Amino acid sequence: MSYKLGEVILSRETIARRVREMAEEIANDNGRDKGLVVVGILTGAAFFLTDLVREMPEDMDVRVDFMSVASYGDSTTSSGVVRIFHDLKSSIEGKNVLVVEDIVDSGLTLSHLIDLLNGRNPASLKVCVLLDKYERRKTEVKVDYCGFRIPDKFVVGYGLDCAGMWRHLKDIKYVIEE
Ligand code: IMP
């Protein structure tokens, strides 16, 4: 099977506007001096996270850390298995944590990850996703901040890939299977 790029579902301008709103909401909820550890899930969420944290106020105590997990191979369906390839550099015990993910689909990746991180006793743990494919949920995940709810179609760009391709696109586009 081969894939080609389809039409734009979310333009760079639409994404940028929403990312600014989300950063403001997170800053207001969290408080500027309380400290927030923003945990990005590599690789997809790195693109979203770097834009998101740069929209947060300069006087806010923000730290950034990354984890690398995978639940997908080279196909477009979830394996349901989450493997950790790279763990956080710092302890999150007693910290306010915001997990940032590119997309929640079945919810399996995030729910496993939330259990794992909650086991490390953070003061609080919230979840922020850019995209939510709510129709495909297999397990319930509490998403505190969501950029956009999208239909059940495979998308790429702004960090999201298809078999490793198209992460670098500025807009988010549909993928067409041929
Ligand atoms: P879940 O475990 O099914 O919720 O899958 C979450 C992961 O699946 C995301 O981190 C993405 O890597 C991947 N994923 C799900 N849908 C898409 C899509 O439309 N495009 C690219 N990656 C996707």
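One can find the structure itself at the top, above this paragraph.
Owing to the predicted nature of the structure, the values given are computational and were not obtained by experimental measurement.

Chemist: Explain the sheet that holds strand β5 (residues 96–104) here, please?
Modeler: The pairing of strands in a sheet happens through backbone hydrogen bonds and is either parallel or antiparallel. The strand order across the open sheet built from six strands is β4-β3-β2-β5-β6-β7, with neighbouring strands paired in mixed fashion. Taken across any chain shown, the strands that pair with only one partner, and hence form the sheet edges, are β4 (83–86) and β7 (145–149). Averaged over all adjacent pairs, the angle separating strand axes in this sheet is 30°, with direction ignored. For strand β3 (residues 62–70) and β4, the ladder comprises three bridges, and the chain directions are antiparallel.

Chemist: What exactly am I supposed to notice about the sheet that holds strand β1 (residues 3–10) here?
Modeler: Reading across from one edge, β1-β9-β8 is the order of the three strands in this open sheet, with antiparallel pairing throughout. Only two strands of the sheet have a single neighbouring strand rather than two, namely β1 and β8 (155–156). Both β8 and strand β9 (residues 172–177) contribute to a ladder of two bridges, which runs antiparallel. Following the sheet pairing, Val 155 is matched in β9 by Tyr 174.

Chemist: How do you make sense of the packing of aromatic side chains when you look at a structure like this?
Modeler: Two measures describe an aromatic ring pair: the distance that separates the ring centres and the angle between the ring planes. This model, assessed by the stated rule, comprises zero aromatic pairs. It is Arg 149 that lies over the ring of Tyr 134; its NZ or CZ is 3.9 Å from the centre. Across from the ring centre of Tyr 174, 4.9 Å away, lies the NZ or CZ of Lys 153, which sits over that ring.

Chemist: What am I meant to see in the packing of helix α1 (residues 12–30) against helix α2 (residues 45–54) here?
Modeler: Axes are the key here: two packed helices are described by the angle between their axes and the distance separating the axes. With their axes 8 Å apart at the nearest point, α1 and α2 run at an angle of 60° to one another. With respect to each other, α1 and α2 are oriented oblique. Taken as a pair, α1 and α2 cross one another with a handedness that is right-handed. The residues of α2 that touch α1, namely those facing Val 19, Met 22, Ala 23 and Ile 26, are Phe 48, Asp 51 and Leu 52. Looking at the contact of α1 with α2 residue by residue, the classes come out as six nonpolar, no polar and one charged.

Chemist: I'm lost on the nonpolar core in this one. Help?
Modeler: Among soluble globular proteins, nonpolar side chains are generally buried collectively. Core analysis: the biggest nonpolar cluster contains 30 residues, and Phe 48, Leu 52, Val 100, Cys 128, Leu 131 and Ile 172 have the highest contact counts within it. Ranked by residues supplied to this core, first place goes to α1 with six residues. If sequence neighbours within four positions are ignored, Val 100 has contacts with Val 38, Val 39, Gly 40, Ile 41, Ala 45, Phe 48, Leu 49, Leu 52 and Cys 128. In terms of nonpolar packing, the next biggest core, distinct from the first, is built from 18 residues, Val 99, Val 104, Leu 125 and Val 141 among them.

Chemist: Can you walk me through unusual backbone geometry in this structure?
Modeler: Excluding glycine, residues mostly carry a negative phi; peptide bonds, for their part, are mostly trans. For the bond from Leu 42 to Thr 43, the omega torsion is 0°, close enough to zero to count as cis. Within the secondary structure layout, Thr 43 lies in the loop between β2 (36–42) and α2. For Tyr 158, which is not a glycine, the phi torsion comes out positive at approximately 50°. Its relative accessible area of 10% is what places Tyr 158 among the buried residues. For Ala 163, which is not glycine, the phi dihedral falls at a positive 50°.

Criteria and thresholds
Residues numbered from 1 in each chain as written. Predicted model: local features only at pLDDT ≥ 70, side-chain atom pairs only at ≥ 80, totals over all residues. Heavy atoms only, no water. Pairing = 2+ DSSP bridges. Helix = DSSP H or I, 4+ residues; strand = E, 2+ residues; numbered from the N terminus. Axes fitted to C-alpha atoms, helices over the stretch in contact; angles between N-to-C directions. Phe/Tyr/Trp six-rings, centres within 6.5 Å; stacked < 30°, edge-to-face > 60°. Lys NZ or Arg CZ within 6 Å of the ring centre and 35° of its normal. Parallel < 35°, antiparallel > 145°, perpendicular 65-115°, else oblique. Left-handed = near helix turned anticlockwise from the far one by under 90°. Contact = heavy atoms within 4.5 Å. Nonpolar A, V, L, I, M, F, W, Y, C, P; charged D, E, K, R; others polar. Core = buried A, V, L, I, M, F, W, Y, C linked by side-chain atoms within 4.5 Å. Buried < 20%, exposed > 50% of the residue type's maximum accessible area, 1.4 Å probe, protein only.

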